[in-house]
Amino acid sequence: MKKIIFLIIILVSKSTLSIADEGMWMPQLIQALNISDMKRNGFKLTAAQIYDINKASMKDAVVIFGGGCTAEIISNKGLILTNHHCGFSNIAALSTVQNDYLKNGYWAMNTKEELKCPGLTVTFIKQINDVTAKVLADLNPAYNENQRDSAIQVKVKQLETETKKELGFDVFIRPFFYGNEYYLFVTETYKDIRLVGTPPESIGKFGDETDNWVWPRHNADFSMFRIYADKNNKPADYSEDNVPYTPKYSFPINLKGTQKGDFTMVYGFPGRTQEYLTSYAVDLLVKQQDPIKVNLREKRLNIMDRYMKKNDTIRLMYTARYAGVANYYKKWKGEMMGLQKSNAVQKKQQLESEFLTALSANPAKKEKYTKLMGQFEKVYEDFAPLSKQYDYFTECLWGIEAFKFAANAGLTLQTELKKKQAGATNNFDGKLAEYKKSIPFKNFRKEIDRELCIALLEIYGKEIESVLRPRMLDSLYTVHNNNCVAIADFLYNNSSFVDNFKAASMFENYEKDFQLYQRDPLFLVASDVLKHYQKTTIPQMTYYEIQINELQKEYVKGLRETLKNKKFYPDANSTLRVAFGKVSDYSPKDGIHNMHYTTIDGIVEKNKTGLEDFYVKPRLIELYEKKDFGTYADKDGKLHVAFIASNHTTGGNSGSPVLNAKGELIGTNFDRNWEGTMSDIMYNGDFCRNIVLDVRFTLWIVDKYAGAGYLLNEMKLIR
Ligand code: ARG
Ligand code: GLU
């Protein structure tokens with residue numbers, strides 16, 4: 001009897017554990033769904049302290065930073081903390097050869113020295129409302145999937161416009177659970193954002209590609225900005241008269257450190273997950289989609305890397321592109337291996353059969369859903385070859401910079417010129433001026449791209465049969481007897497789109513010699529490629545995607561109705577979410593244990609390898625040797641750099657605040673471990689970990705390394 005009770009306790013606590021760690025929850029539903037789980041795991045506050053529309057709450061200190069990151073407010077003067085890689089493009093844009101802030105870092109020593117960042121914005125979420133009933137009201141039941149889809153899109157647009165007018169704020173509506181629910185977000189965007197400070201790349205990006213997606217990790221991936229507002233604390237374009245924004249809420253910072261097992265919460269804007277895919281979709285992902293993309297990106301990276309190693313100018317030209325290509329290359333590779341290793345397809349099949357078994361008491365329903373699974377199987381069979389076509393377009397042909405540039409620039413100029421000649425409003429002169437300015441090419445070298453073109457066309461020629469290729473490209477294979485060197489020579493030697501000198505002259509004379517540039521071979525081939533995919537593959541894919549979405553909608557609805565004691569969270573869709581879990585270590589392989597934190601000792605160890613990715617400036621080593629860790633050291637006397645936890649996160653969570661049980665800031669989220677990248681498809685609490693920069697290391701860098709300790713005076717520090 002005792003044994004049985006013990007077993008029950010273990011089973012129950014195990015299942016509540018996994019429930020607690022998996023999930024990206026909507027903040028306004030925490031009171032109803034999660035608060036008791038959270039409390040059981042140590043959370044000390046109320047749901048209203050996380051999200052409240054009447055009183056200040058944590059949500060007022062969590063913002064969308066730029067295009068797709070998260071940032072948090074850490075002072076009552078609008079100071080915000082995010083990742084270095086989130087501020088990267090802004091820091092790069094402010095840098096010159098004389099003042100290279102990427103290389104040297106930058107710290108404003110007073111507000112006057114804060115640097116404006118053109119184009120950078122920060123967005124607050126003011127309110128989240130369920131608008132499902134409004135969106136789905138009076139839909140004609142006789143509609144097919146496509147008609148339904150269009151009708152919903154119209155309704156969503158209309159509701160957005162109405163609400164915007166009514167409230168005077170920006171709004172957007174997003175589907176949740178594949179359109180079973182719809183939520184409206186009221187937002188406010190600030191446009192005067194200034195750089196306060198950043199460590200040098202050697203600290204912010206320490207470990208670079210070698211360490212990306214890897215634990216143990218040692219980079220201080222942070223940068224700081226400030227939100228500026230007009231005199232009424234409202235959004236305004238940049239002006240010298242603007243003042244630091246006074247936030248409704250800002251996070252206090254806890255410097256006491258964390259222990260294994262401590263409660264952690266991540267509040268941010270995760271971008272995209274697909275947790276409710278069927279076994280058919282996961283099978284396609286693991287066997288076809290991820291391998292195709294990984295293989296093509298590996299080819300590209302190897303070629304770029306070879307050139308970048310040879311020459312510093314080229315390294316700088318290609319570094320941002322390389323990082324972009326490398327980031328998801330490595331992510332997909334980890335995801336694919338993780339899903340394979342954990343038998344994700346079988347697990348999905350098991351879930352599907354459990355689901356159908358659970359429906360046994362209701363034969364009509366069981367029949368409906370059995371049929372649905374058959375439809376999934378069929379639809380993925382039809383979808384797979386299209387998905388392959390699409391991936392070979394985006395990752396192979398569009399991995400050739402010259403193709404992308406010739407098609408986009410050539411088509412834009414052609415269209416605008418036609419408008420101009422017809423006397424219609426046009427932007428021909430504006431566009432032409434932009435293209436003229438882009439010469440000489442800043443991020444493009446003909447010889448590298450030509451080599452990429454050869455390698456990628458070789459693969460394309462082998463993988464995509466003749467009848468499926470865009471016509472002009474296919475004729476090149478025929479004319480040149482499948483010799484891709486000859487094809488590349490023909491294109492790169494005869495085109496004006498790949499040559500600094502010829503391109504300058506083309507943009508100078510475009511209007512006059514229009515007819516000539518219409519016949520540029522690269523333009524002809526590349527624009528034919530683009531049109532081919534726009535006319536064939538993409539509309540067909542969309543057709544199937546709408547069908548898949550409808551099936552998923554039914555499937556998720558069925559799962560939610562049937563598996564009553566499981567809590568469901570919607571897939572990430574770049575909206576505000578809360579993930580909670582614990583500081584925890586893991587085992588990546590049998591016999592190996594990965595600790596839950598790293599220290600500055602590891603920076604020094606990695607630096608000693610002499611590898612370029614682990615370079616740091618002498619100043620860091622000097623400070624390390626002085627052991628001047630001040631109040632930033634842990635109880636163990638060491639200076640901790642990063643820690644890991646079991647929070648369910650994804651891309652977009654970069655820069656998110658990581659909070660303790662009392663809602664105090666303990667770190668900034670910046671990555672996941674390699675084994676854990678599969679959590680976008682299937683979370684596994686045993687080894688999926690988010691990687692967090694310890695806030696004590698952040699402040700040590702600000703204070704001791706950068707000498708910008710004055711900033712700490714505006715923060716609320718808990719020591
Ligand atoms: N893996 C992190 C994220 O997904 C960091 C990316 C930036 N760093 C890089 N080396 N590309 O965005
Ligand atoms: N580095 C990612 C980002 O920029 C976060 C890592 C992840 O995907 O979990 O959003």
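Residues numbered from 1 in each chain as written. Chains lettered and ligands numbered in written order. Predicted model: local features only at pLDDT ≥ 70, side-chain atom pairs only at ≥ 80, totals over all residues. Heavy atoms only, no water.

Colleague: Explain the side chain of Thr 264 to me, please; I cannot follow it from the model alone.
Modeller: If you trace the backbone, Thr 264 turns up in strand S13 (residues 263–268). Residue classification places Thr 264 among the buried residues on the basis of a relative accessible area of 0%. In this structure the side chain of Thr 264 is engaged in a polar contact, spanning 2.9 Å, whose partner is the side chain of Asn 647. (Helix = DSSP H or I, 4+ residues; strand = E, 2+ residues; numbered from the N terminus. Buried < 20%, exposed > 50% of the residue type's maximum accessible area, 1.4 Å probe, protein only. Polar contact = N/O pair within 3.5 Å; in protein donor to acceptor, adjacent residues only side chain to side chain.)

Colleague: I would appreciate a short explanation of the site of ligand 2 in the present structure.
Modeller: Every residue near ligand 2 is listed here: His 85, Trp 213, Thr 649, Thr 650, Gly 651, Gly 652, Asn 653, Ser 654, Phe 670, Asp 671 and Arg 672. A distance of 2.9 Å separates an oxygen atom of ligand 2 from a polar side-chain atom of His 85. Here Gly 651 contributes a backbone N or O atom positioned 2.9 Å from an oxygen atom of ligand 2. Contact with the protein chains hides 90% of the accessible area of ligand 2, taken as 300 Å² for the molecule alone. At 3 residues, the largest contribution of residues to the shell around ligand 2 is made by strand S18 (residues 665–672). Looking at side-chain class alone, the shell around ligand 2 contains 2 nonpolar, 7 polar and 2 charged residues. (Near = heavy atom within 4 Å. Areas by Shrake-Rupley, 256 points an atom, 1.4 Å probe, with all protein chains shown as cover. Nonpolar A, V, L, I, M, F, W, Y, C, P; charged D, E, K, R; others polar.)

Colleague: Help me understand the site of ligand 1 in this model?
Modeller: In the region of ligand 1, the neighbouring residues are His 85, Glu 209, Asn 212, Trp 213, Ala 323, Asn 327, Phe 670 and Asp 671. His 85 is positioned such that a nitrogen or oxygen atom in its side chain is 3.4 Å from an oxygen atom of ligand 1. Here a nitrogen atom of ligand 1 and a side-chain polar atom of Glu 209 are 2.9 Å apart. Computed on the free molecule, ligand 1 has an accessible area of 340 Å², of which 86% lies beneath the protein chains in the complex.

Colleague: Please clarify how a positive patch on the surface should be interpreted in this entry.
Modeller: A cluster of basic residues, Lys 44, Lys 256, Lys 635 and Lys 662, forms a positive patch at the surface. Secondary-structure assignment places Lys 635 in the loop between helix H25 (618–626) and strand S16 (640–645). (Patch = residues over 30% accessible without salt bridge, like charges linked within 9 Å, V, L, I, M, F, W, Y side chains within 5 Å. Salt bridge = Lys/Arg side-chain N within 4 Å of Asp/Glu carboxyl O. Lys, Arg positive; Asp, Glu negative; His and termini not counted. Charge placed at Lys NZ, Arg CZ, Asp CG, Glu CD.)

Colleague: How should I be thinking about helix H19 (residues 484–494) in this particular structure?
Modeller: The periodicity of an α-helix, 3.6 residues per turn, causes residues three or four places apart in sequence to face the same way. Taken together, the buried positions of H19 are occupied by Cys 484, Ile 487, Ala 488, Leu 491 and Tyr 492. Take H19 and look down its axis: the buried residues cluster within an arc of 110°, on one side only. The secondary structure elements touched by the buried residues of H19 are helix H15 (401–421), helix H17 (446–463), helix H18 (471–479) and helix H22 (521–535). (Arc of directions from axis to C-beta. Contact = heavy atoms within 4.5 Å.)

Colleague: Explain the packing of aromatic side chains here, please?
Modeller: Under the definition given, this model contains 39 aromatic pairs. Consider the rings of Phe 393 and Trp 398, whose centres lie 5.1 Å apart with planes at 50°: the pair is tilted. Taken together through their ring pairs, the aromatic side chains of Phe 405, Tyr 435, Phe 441, Phe 444, Phe 497, Phe 507 and Phe 523 make up a single cluster. In this structure, Lys 59 packs its charged tip against the face of Tyr 51, placed 5.7 Å from the ring centre. (Phe/Tyr/Trp six-rings, centres within 6.5 Å; stacked < 30°, edge-to-face > 60°. Lys NZ or Arg CZ within 6 Å of the ring centre and 35° of its normal.)

Colleague: Just checking my understanding: could you explain empty space enclosed by the protein for this structure?
Modeller: Take a probe with the size of a water molecule and roll it over the atoms, and the empty space left behind shows itself. The full count for this structure, using the stated rule, is 1 cavity of 30 Å³ or more. In this structure, the largest cavity spans a volume of roughly 30 Å³. If you trace the largest cavity, you find it lined by Ser 202, Ile 203, Phe 206, His 218, Ala 220, Ile 603, Val 616, Leu 620 and Phe 697. When its residues are assigned to classes, the lining of the largest cavity shows 7 nonpolar, 2 polar and no charged. (1 Å grid on protein atoms, 1.4 Å probe; cavity = no way out; pocket = protein on both sides within 12 Å on 5 of 7 lines; lining within 4 Å. Points joined across faces, edges and corners; volume = space filled by probe spheres on them.)

Colleague: I keep staring at the state of the cysteines and nothing clicks. Help me out?
Modeller: Covalently bonding the sulfur atom of one cysteine to the sulfur atom of another cysteine gives a disulfide. Under the definition given, this model contains 1 disulfide. Linked covalently through their sulfurs, Cys 69 and Cys 86 form a disulfide whose S-S length is 2.1 Å. In this structure the cystine formed by Cys 69 and Cys 86 twists about its S-S bond by roughly -75°; its chirality is therefore left-handed. On the criterion of sequence distance, the pair formed by Cys 69 in strand S2 (residues 69–73) and Cys 86 in helix H5 (residues 84–94) is long-range, its members being 17 residues apart. Residue Cys 86 is classed as buried on the basis of its relative accessible area, which comes to 9%. (Disulfide = S-S within 2.5 Å.)

Note that all results are geometric; they support no functional claim without further evidence.
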